[in-house]
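# Breakdown of the fold
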Amino acid sequence: MIELICAQANRIFNGDCFSKSRKRENVNARIAISVILRDKKFYTLQTIASLFDLNHEMVLYYQKKHDELIKFNREYRILYNNLINYSKEKTPLNHGFCNYSKFELRTISL
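The paragraphs below set out a description of the structure included in this document. Note that this is a predicted model, so its numbers are computed, not measured. (Residues numbered from 1 in each chain as written. Predicted model: local features only at pLDDT ≥ 70, side-chain atom pairs only at ≥ 80, totals over all residues. Heavy atoms only, no water.)

## Quick notes on the nonpolar core
Soluble, globular proteins show a tendency: their nonpolar side chains are buried together. Phe 13, Ile 31, Ile 33, Tyr 76, Tyr 80 and Leu 83 are the most contacted members of the largest nonpolar core, which has 30 residues in total. Broken down by secondary-structure element, the contributors of at least two residues to this core are helix 1 (2-13), helix 2 (24-39), helix 3 (45-51), helix 4 (56-72) and helix 5 (74-90). Element by element, the count of residues in this core is highest for helix 2, at eight residues. Apart from residues no more than four positions distant in its own chain, Leu 83 is found in contact with Ile 5, Gln 8, Ala 9, Ile 12, Phe 13, Ala 32 and Ile 36. (Core = buried A, V, L, I, M, F, W, Y, C linked by side-chain atoms within 4.5 Å. Buried < 20%, exposed > 50% of the residue type's maximum accessible area, 1.4 Å probe, protein only. Helix = DSSP H or I, 4+ residues; strand = E, 2+ residues; numbered from the N terminus. Contact = heavy atoms within 4.5 Å.)

Structure (structure tokens):
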């Protein structure tokens, strides 16, 4: 499942979530993926941190940064909503990763 979401996030954000680069596209992709994995309780902070070779404090920072970006950055909000829509519609249930009937769709507009 991680591979599917990361590949889609890379496409949507036009970045590389596994890159060590601090380019905005890469960071935004990492933020969005971290928030999705954390909010849906798929993985712990430490697991998400090890996925991107970070520490758990950085994942907490990503959550705070995400909240700020959702409120004030229209472009990020649109791209994040696209990723959420993809995660809800395209990730297969037959792999047994989670119960997608509980995967909520959050569209945020200001």
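## Section: the layout of surface pockets
Of the voids in this model, the largest pocket is the one considered here, and its volume is about 170 Å³. Going through the elements one at a time, helix 2 and helix 4 are the ones with two or more residues in the lining of the largest pocket. Across the lining of the largest pocket, the residue classes break down as six nonpolar, one polar and three charged. (1 Å grid on protein atoms, 1.4 Å probe; cavity = no way out; pocket = protein on both sides within 12 Å on 5 of 7 lines; lining within 4 Å. Points joined across faces, edges and corners; volume = space filled by probe spheres on them. Nonpolar A, V, L, I, M, F, W, Y, C, P; charged D, E, K, R; others polar.)

## Quick notes on the side chain of Arg 77
Its place among the elements puts Arg 77 in helix 5. Of the polar contacts made by the side chain of Arg 77, one reaches the backbone oxygen of Ile 70; its length is 2.6 Å. (Polar contact = N/O pair within 3.5 Å; in protein donor to acceptor, adjacent residues only side chain to side chain.)

## Details of helix 2
The end-to-end C-alpha distance of helix 2, which contains 16 residues, comes to 22 Å, matching closely the 22 Å that a straight helix rising 1.5 Å per residue would cover. In terms of residue burial, helix 2 counts as a mostly covered element, since twelve of its 16 residues are buried. When helix 2 is considered as a whole, its buried residues turn out to be Asn 26, Val 27, Asn 28, Ala 29, Arg 30, Ile 31, Ala 32, Ile 33, Ser 34, Val 35, Ile 36 and Leu 37. Among the residues trailing helix 2, Lys 41 stands out with phi positive, at a value near 60°. (Expected span 1.5 Å × (residues − 1).)

## Digging into unusual backbone geometry
Of note, the phi angle at Asn 14 is positive, near 60°, even though the residue is not glycine. Tracing the sequence through the fold places Asn 14 in the loop between helix 1 and helix 2. Positive phi is not limited to glycine here, since Asp 53 has a value of about 60°. In this structure, Asp 53 sits in the loop between helix 3 and helix 4.

## Some points on helix 4
An ideal rise of 1.5 Å per residue puts 24 Å on 17 residues; helix 4 measures up with 25 Å between its terminal C-alpha atoms. Considered for burial, the residues of helix 4 that qualify are Val 59, Tyr 62, Lys 65, His 66, Leu 69 and Ile 70. Looking straight down helix 4, one finds that the buried residues subtend no more than 135° of arc, so they occupy a single side. Summarising the geometry of helix 4, the exposed residues directed more than 90 degrees from the buried face are Glu 57, Lys 64, Lys 71 and Phe 72. (Arc of directions from axis to C-beta.)

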